[in-house]
Amino acid sequence: MFATVNWRHLLLWAVFAAGMLLLPELVKKGTLRTIIMAQYLAIFAMSWDFLSGRTGYISFGHPFLIGIGAYTTAILSYRFGVPVELSIPIAVATTVVGSVLFFLPALRIRGSYFALVTLAFMELMYQLTQVIRPDLTGGTRGISGIETLTRGAVNGFYLSFVLMFVTAFVLWLLSRSRLGTALSAISMNEDAVAGSGLNTTKLKLFAFCVSAAVAGMGGAFWVHYLGSIAPRALFDINFLFTIIVAALIGGASTIIGPMAGAFFLTFLLEYLRPFLPGAERYLIYGGIALLIYMYQPKGLFEIVSRLWRRA
Amino acid sequence: MTQILIQGFLLSGLYALIAVGFTLIFSVGRVLNLAYGAYLVIGGYAYFWLSQTLGMPKIVGVLLAIVLGAVIGISKYRLIVKPLKGDHVAVEISTLILAVVVQAGIVLLFGDASKILHPIVSGVSRVGGATVTYNILTAAVVSWVILIGLYLFVRFTHLGRALEAVSMDVKGAAISGVDPDQMNQLTWAISGALGALAGVFFASYTQLYPGMWVTPLIIAVAVVIVGGIGSILGTLLVAHIIGFMEVISTSLIAAELRGVFTMLLIIVVLIIRPKGLFGRAEL
Amino acid sequence: MSTILSLAGIVKRFGGLVATNDLSFDVAQGESLGLIGPNGAGKTTIFSLIMGEHRQNEGTISLDGNEISSLPTHARIGRGISRTYQVPRPFAEMTVAENIRVGLMPDSLRGMLFGASDPQAELDLAQSVGFSGDDLDRYPSELSMGDLRKLELARTLATGARVILLDEVFAGLTAGEISQMADLINTKRKEGFTFVIVSHDLRSLEPLVDRVIAMARGALIAEGDFTSVMNDETVRSSYLGT
Ligand SMILES: Nc1ncnc2c1ncn2[C@@H]1O[C@H](COP(=O)(O)OP(=O)(O)OP(=O)(O)O)[C@@H](O)[C@H]1O
Ligand SMILES: [Mg+2]
């Protein structure tokens with residue numbers, strides 16, 4: 001696993017971490033809060049990308065995964081007083097187990113149908129959280145007053161940074177391994193991967209579990225940062241859209257791409273807020289995303305690295 | 001009982017109308033147009049603006065909405081689908097983005113709040129204890145007329161046969177002198193027009209709001225997956241299954257659960273038959 | 001010689017079309033068997049059935065005496081059999097080395113995660129099919145048809161299979177590439193590999209096979225050494241399309 005990792009890579013990671021950890025000294029509290037949102041979005045985008053960007057199985061159900069993690073820990077800690085040290089790991093495990101149960105059959109489905117099933121799951125979850133046991137889920141209103149883990153923007157930043165950094169580093173290691181190569185091969189030609197003697201179902205299931213674990217973890221910590229949860233904000237096409245667009249704008253099938261995309265989108269949102277306070281801003285988001293995507297489906301990462309090579 | 005029967009048939013007619021434009025693209029263009037719901041939104045709002053804001057005659061509003069849908073369908077094909085050369089993943093993603101862009105554009109133009117459409121055809125009558133608005137009755141009748149018309153068109157006209165040929169085998173059709181590109185363009189235009197028309201009725205049946213494209217999209221998806229790609233009979237049949245399931249769950253179980261069964265239907269069918277009930281191997 | 005691959009009573013229907021009709025044949029350990037027949041005879045279908053990419057409607061397929069019909073493709077490859085495709089299907093966005101790497105991977109998550117790739121093995125395999133060290137970093141889009149077939153063969157060999165099914169190995173190759181490929185197959189035969197070779201290029205096939213079977217419309221019509229099959233009346237008429 002470490003054969004393709006050399007000290008230069010590790011140095012770059014260290015420089016990245018050091019640079020990010022200096023941020024609280026350099027920027028205002030408000031900006032720091034924006035960065036926190038960007039970091040959670042980056043986690044979700046990396047999670048989506050590890051499944052969909054790499055294997056080519058487009059998931060429209062990531063909010064569903066994030067929602068399982070978020071709701072599990074929210075319900076456990078708020079309704080049953082389970083300490084967060086316990087409720088968050090349970091939430092991650094539940095996301096993985098729950099999503100495997102739901103999606104295992106879906107992994108037999110190829111192409112566009114996979115996307116459709118995951119979309120159906122998200123809508124299903126949205127409707128179910130409102131009607132099944134609203135005493136637990138809080139129904140349409142959701143739950144608020146959930147325990148928060150950190151006080152103040154600086155601590156919140158450190159926590160979300162550590163989460164994002166660890167996620168990025170682990171996913172990067174995975175993608176550098178032979179397994180990462182095999183996952184990318186699936187998106188190019190799944191039959192030929194099977195024809196090379198590899199069990200593609202196992203590979204996809206692995207990618208799926210990793211993706212779900214990251215989504216569940218991100219969702220669980222996120223809800224303990226926000227302190228509240230509501231179905232419409234979570235199981236929402238706009239949220240799904242933001243995750244996917246973050247991954248795509250930056251560059252699918254890379255690690256830096258989804259992170260860069262998440263920061264780009266979140267800051268764009270922040271700057272647009274005074275002019276376009278409501279849902280209209282998705283017009284700008286979407287317009288930019290569509291242009292970039294039509295011009296270069298591999299995103300900014302590819303555009304920049306092509307310019308670099310030419311220069 | 002009569003209530004359920006009548007309501008079921010009327011709603012199913014509307015759903016068939018919603019689904020038929022979507023299945024057309026799926027079958028001829030072979031791509032998943034996630035922005036299909038956007039036609040409904042655009043159709044609904046165009047009608048609202050023309051006939052309720054500008055005060056044009058209703059029929060003019062409907063016709064212009066249909067024309068707009070067709071134009072948007074063609075542009076979508078020209079600007080997005082064709083350049084992506086039938087890459088499924090790319091089309092799925094870009095049409096999803098487009099759907100969100102359209103939704104945001106509507107918010108910008110008309111605001112976030114939902115609007116009430118006056119019925120396109122006003123009047124109510126009571127049949128065996130059931131209230132039947134002429135509005136939804138018209139939608140159901142129009143839907144039947146369109147489905148039958150489409151069926152006859154595909155079966156008995158030269159153009160229709162050419163369309164069908166493209167849906168079966170693009171290369172073969174090209175060899176026998178049918179221009180797949182032209183056929184695709186025609187399909188996108190028809191699909192857009194049907195979507196816009198369905199949007200006018202759907203909006204007048206429920207409400208007009210910027211996010212009103214998701215539910216119809218899921219209904220259309222369910223109909224296509226369960227009923228088979230490009231099968232007009234399958235479309236009709238499954239639209240009725242879904243329509244009746246909704247009416248039954250609304251009146252007998254719980255109104256909030258009406259959409260749940262549609263989703264479950266999609267999931268269960270795909271899991272039992274990964275290729276869809278009448279599906280082709282891959283999309 | 002012992003039988004390594006055995007097909008018995010194979011029937012495969014695609015809807016109403018019978019692609020193979022009650023077909024049976026054996027392949028001996030270390031043998032090289034030619035499989036010929038006009039277009040649409042069902043040769044490729046036989047390969048897909050052996051590899052489990054399609055399932056036969058009737059009949060059994062065994063490898064080394066064990067029935068493999070219920071195994072998925074990757075498990076059959078694990079048992080030591082692998083194929084190339086009539087139309088090469090490389091991983092388009094991967095280099096030659098990476099394409100071979102996928103073939104070399106063990107089918108275990110742990111092995112893929114923690115085992116390092118083996119550049120030497122990749123180079124050896126590439127060279128064994130006639131690539132040079134410089135070719136390792138090239139992408140499929142830069143390769144000729146001959147190179148693509150070599151890459152396909154290298155990935156197939158990389159799986160560790162000892163029974164290799166080659167589909168139309170010579171199609172689209174230049175004369176030089178054909179003789180290169182033939183040399184390569186002969187080398188591998190000497191190393192003890194078992195081959196089933198489908199080819200329309202009968203002249204190139206002749207020196208590579210111990211035995212030939214001919215099929216037409218899904219059925220076996222002749223079996224024997226190259227010359228006798230070529231002289232068979234049924235074979236001649238089926239090739240002439242009568
Ligand atoms: N997936 C499939 N679905 C339906 N029919 C198929 C399928 N694959 C093959 N066939 C049909 O089965 C018959 C045998 O095809 P096959 O590809 O095995 O022939 P072949 O001998 O390899 O021909 P060629 O020399 O042209 O490669 C043909 O009539 C073909 O059309
Ligand atoms: Mg063949």
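An account of the accompanying structure is given in this report. Here the structure is a predicted model, which is why all the values come from computation and not from measurement.

Conventions used here
- Residues numbered from 1 in each chain as written.
- Chains lettered and ligands numbered in written order.
- Predicted model: local features only at pLDDT ≥ 70, side-chain atom pairs only at ≥ 80, totals over all residues.
- Heavy atoms only, no water.
- Helix = DSSP H or I, 4+ residues; strand = E, 2+ residues; numbered from the N terminus.
- Rg over C-alpha atoms; globule rule 2.2 N^0.38 Å.
- Buried < 20%, exposed > 50% of the residue type's maximum accessible area, 1.4 Å probe, protein only.
- Contact = heavy atoms within 4.5 Å.
- Areas by Shrake-Rupley, 256 points an atom, 1.4 Å probe, with all protein chains shown as cover.
- Lys, Arg positive; Asp, Glu negative; His and termini not counted.
- Charge placed at Lys NZ, Arg CZ, Asp CG, Glu CD.
- Buried area = accessible area lost by both parts, 1.4 Å probe.
- Salt bridge = Lys/Arg side-chain N within 4 Å of Asp/Glu carboxyl O.
- Polar contact = N/O pair within 3.5 Å; in protein donor to acceptor, adjacent residues only side chain to side chain.
- Nonpolar A, V, L, I, M, F, W, Y, C, P; charged D, E, K, R; others polar.
- Core = buried A, V, L, I, M, F, W, Y, C linked by side-chain atoms within 4.5 Å.
- Patch = residues over 30% accessible without salt bridge, like charges linked within 9 Å, V, L, I, M, F, W, Y side chains within 5 Å.
- Pairing = 2+ DSSP bridges.
- Axes fitted to C-alpha atoms, helices over the stretch in contact; angles between N-to-C directions.
- Donors = N, O, S within 2.8 Å, 3.2 Å for Na, K, Ca; no water.

Re the overall build of chain B
Then, in step 1: Along its length, chain B carries 11 helices and 2 strands.
Then, in step 2: What you see in chain B, going N to C, is helices and strands ordered as α-α-α-α-β-β-α-α-α-α-α-α-α.
Then, in step 3: For a compact globule of 283 residues, the expected C-alpha radius of gyration is about 19 Å, and chain B comes in at 18 Å, within 12% of that figure.
Then, in step 4: The principal-axis extent of the C-alpha atoms belonging to chain B is close to 55 × 45 × 35 Å.
Then, in step 5: Per-residue burial over chain B gives 56% buried out of 283 residues.
Then, in step 6: Sequence separation of 24 or more characterises 74% of the internal contacts of chain B that already satisfy a separation of 6 or more.
Then, in step 7: When the accessible surface of chain B is split by element, carbon and sulfur atoms take 70% of a total near 11400 Å².
Then, in step 8: Separation of charge centres in chain B, based on 15 positive and 10 negative side chains, amounts to 6 Å.

Some words on the interface of chain A and chain C
Then, in step 1: With 25 residues of chain A at the interface, the matching set in chain C holds 28 residues.
Then, in step 2: Carbon and sulfur atoms supply 67% of the area that chain A and chain C bury against each other, a total of about 2400 Å² over both sides.
Then, in step 3: Applying the counting criterion to the chain A and chain C interface returns 2 salt bridges.
Then, in step 4: Counting across the interface, chain A meets chain C through 9 residue pairs in polar contact (both at pLDDT 80 or more).
Then, in step 5: Per-element tally for the side of chain A that touches chain C: the top contributor is helix α8 (residues 178-188) of chain A, with 7 residues.
Then, in step 6: Classifying every residue of the side of chain A that touches chain C gives 13 nonpolar, 8 polar and 4 charged.

Let's talk about the nonpolar core
Then, in step 1: A:Phe60, A:Met164, A:Leu203, A:Ile229, A:Leu234 and B:Ile18 are the most contacted members of the largest nonpolar core, which has 206 residues in total.
Then, in step 2: If you tally residues by element for this core, the top one is helix α2 (residues 29-55) of chain A, at 14 residues.
Then, in step 3: Other than its neighbours up to four places away in sequence, B:Ile18 contacts B:Tyr36, B:Leu40, B:Ala198, B:Phe202, B:Pro216 and B:Ala220.
Then, in step 4: Counting residues in hydrophobic clusters, the runner-up holds 39 residues, among them C:Leu151, C:Phe170, C:Ile178 and C:Val235.

Focus on a nonpolar patch on the surface
Then, in step 1: On the surface, a cluster of nonpolar side chains totalling about 380 Å² of accessible area is made up of B:Val121, B:Tyr134, B:Leu137, B:Val141 and B:Val145.
Then, in step 2: Note on placement: B:Tyr134 falls in helix α5 (residues 134-156).

A look at the pairing of strand β10 (residues 219-224) of chain C
Along any regular strand the residues' side chains alternate between the sheet's two faces.
Residues and elements named next belong to chain C.
Then, in step 1: Sheet topology note: the strand β9 (residues 211-216)/β10 ladder contains 5 bridges and is antiparallel. Counterpart to Ile 213 in the pairing with β10 is Glu 223.
Then, in step 2: Turn length for the β9-β10 hairpin, with the two strands adjacent in sequence and antiparallel, is 2 residues, and the turn residue Arg 217 shows positive phi of about 45 degrees.

Here we look at the interface of chain A and chain B
Then, in step 1: Residue-level contacts link 39 residues of chain A with 46 residues of chain B.
Then, in step 2: Around 3700 Å² of area is buried between chain A and chain B when both sides are counted, 82% of it from carbon and sulfur atoms.
Then, in step 3: On the surface where chain A and chain B come into contact, there are 0 salt bridges.
Then, in step 4: Our enumeration of links across chain A and chain B arrives at 1 residue pair in polar contact (both at pLDDT 80 or more).
Then, in step 5: Sorting the residues of the side of chain A that touches chain B by element identifies α5 (112-131), α12 (237-250) and α14 (281-295) of chain A as the ones contributing at least two each.
Then, in step 6: Looking at the side of chain A that touches chain B, the element that brings in the most residues is α5(A), giving 13 residues.

Quick notes on the sheet that holds strand β7 (residues 163-167) of chain C
Residue and element names in this part refer to chain C.
Then, in step 1: Taken in spatial order, the 6 strands make up an open sheet running β6-β7-β8-β3-β9-β10, and their pairing is mixed. On the outer flanks of this sheet lie β6 (81-83) and β10, each paired with one strand and no other. Here the average twist between neighbouring strands, direction ignored, is 15 degrees.
Then, in step 2: As judged from the 3 bridges shared by β6 and β7, these two strands associate in the parallel manner.

Some words on the coordination of the magnesium ion (ligand 2)
Residue and element names in this part refer to chain C.
Then, in step 1: Coordination of the magnesium ion (ligand 2) by the protein comes from Thr 44 (OG1) and Gln 86 (OE1), over a distance range of 1.8 to 2.3 Å. Here Thr 44 is found in helix α1 (residues 43-51), whereas its partner Gln 86 is found in the loop between β6 and α3 (96-104), with 42 residues between them in sequence.
Then, in step 2: A relative accessible area of 27% places Thr 44 in the partly exposed class.
Then, in step 3: Classification of Gln 86 by relative accessible area gives partly exposed; the value is 35%.

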